[in-house]
Amino acid sequence: MALGALMVAAAFSAAAQTRTVWEDGRKFPLYGKATEHTAAAYTRLPDSLKEISRQPVWDLGLNSAGLAIRFRSDAKTISVKWGRSFESRLNHMSPTGVGGLDLYTLCDGTWRFVNSARPVGRDNEQVVIDHMTGEEREYMLYLSLYDGVDYIRIGVEEGARLEQPAQALPRREKPMVFYGTSILQGGCCSRPGMAHTNIISRRLNREAINLGFSGNGRLDYEIAHLMAEVDAGVFVMDCVPNCSKEEIREKMIPFFEILRGKHPSTPVIFVEDPVFTHAKFDQRMAAEIEGCNKALHEVFDQLRKRGEKHIRLVSSRDMLGHDGEATVDGIHFTDLGMMRYADLMTPVIRKCLK
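Residues numbered from 1 in each chain as written. Predicted model: local features only at pLDDT ≥ 70, side-chain atom pairs only at ≥ 80, totals over all residues. Heavy atoms only, no water.

## A look at empty space enclosed by the protein
In this approach, a probe sized like a water molecule rolls over the atoms, and the result shows the empty space that is left. Note the cut-off: Here a cavity denotes grid points, spaced 1 Å and computed from the protein atoms alone, that fit a 1.4 Å probe unable to get out, and a pocket denotes an open set having protein on both sides within 12 Å along at least 5 of 7 lines; residues with an atom within 4 Å of a point are the lining. Grid points are joined across faces, edges and corners, and a volume is the space filled by probe spheres set on the points. Elements are defined by DSSP. Helices are runs of H or I of four residues or more, strands are runs of E of two residues or more, and each kind is numbered from the N terminus. In this classification, Asp, Glu, Lys and Arg are treated as charged, Ala, Val, Leu, Ile, Met, Phe, Trp, Tyr, Cys and Pro as nonpolar, and every other residue, Gly included, as polar.
Taken as a whole, this structure holds two cavities of 30 Å³ or more when the rule is applied. Considering the residues around the largest cavity, the lining is formed by Y31, G32, G66, A68, M140, Y142, P170, N198, S201, E207 and A208. The set of elements that each furnish at least two residues to the lining of the largest cavity consists of β8 (137–142), α5 (196–204) and β12 (206–212). Residues belonging to the lining of the largest cavity are distributed by class as follows: six nonpolar, four polar and one charged.

Here you go:
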């Protein structure tokens, strides 16, 4: 047999002898949950809301948006197996963003993207990263934004360690709690790590809880009660895109009062309706945005007159930039839109957390 053929055969033989050892993802810390009493391991709403919430809110709560698994390993190869609850598909969002996973690692205190796991069906198995040096690293694995995760297993080569994280990052005390719409849930970034809540969480190294419900951030009071159960460092109210001006005037203050009832001094940030890029041409959309933002300002002014001090109102004037390039469909943010949102909000949230 020729030398080249022998070398190829030896390489295949060595590869065949390398066995992957799998661990259940539930063994490791899970970030991004408002409560542990959820319908399943990787869902967002408590069982108690199943018969209370509107059906769309409950169904969207089964998506794993904002959830992330933390672990540590010295593996040269990291693989994942995961089951998708719904095999969701959207015509304006990448499959990786809808149902994929994102792996990050901690480099000198900063989270850096490693690679994505792309969905191919209901049950998936993929090598996320290979040929690493084998040095010990801290990892964070973001779960899917617009699909549910029935199970997840993390795999490393036999002999490598797969253990609990050694560093308590992102910090879990006083997490940031975000409430909002399809954009906040992650629509329509290319992969889970690019959702703006996840970007802000990495920049501030603080846990973020994503309570975005596509098309259904309509000030449902049971969500306010859920948020109020979290010992939050800040609440971000970014639900205006799903609300009519009438709903804002009628429901925003009662929703806020539920939070204030348990958190008398926790900062609450109200975010204006984005100036969507196609509103430059769609006059009806422009009028809706103006009307909703006017209603939000009226609510904010009422709260100020009542003596509320720990509230902020963020203008959306510069949120998406002014080149019209930050959305996929005039409304939902691309990665560029997500980054611009994070650039706007990060300093505001940092100041509130201090």
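## Focus on the environment of D335
To keep things clear, this is the line we draw: Categorising residues by exposure relies on relative accessible area from a 1.4 Å probe, with only protein chains included: less than 20% of the type maximum marks a residue as buried, more than 50% marks it as exposed, and the intermediate range marks it as partly exposed. We call two residues in contact when some of their heavy atoms are within 4.5 Å.
Tracing the backbone through its elements, the reader meets D335 in helix α9 (residues 335–353). Given the relative accessible area of 23%, D335 is considered partly exposed. For the pair D335 and G61, spaced 274 residues apart in the sequence, the C-alpha separation amounts to 23 Å. Apart from residues lying up to four places away in sequence, D335 is in contact with C189, S190 and M194.

## Some remarks on the pairing of strand β14 (residues 268–271)
To keep things clear, this is the line we draw: A pair of strands is labelled paired if DSSP reports no fewer than 2 bridges between them. By definition, the crossover connecting two strands over a helix is right-handed if that path, from the first strand to the second, turns clockwise as seen with the strands pointing away from the viewer.
Where burial is concerned, the two faces of β14 agree: the one with V268 and F270 and the one with I269 and V271 are both buried. The pairing of strand β13 (residues 234–238) with β14 spans three bridges and is classified as parallel. When the sheet's bridge partners are listed, F235 is paired in β14 with V268. Following the backbone out of β13, through helix α7 (residues 245–262) and into the adjacent parallel β14, one traces a crossover that is right-handed. When β14 meets strand β15 (residues 311–314), the two strands line up parallel, connected through four bridges. Residue pairing for β15: V268 is matched across the bridge by I311.

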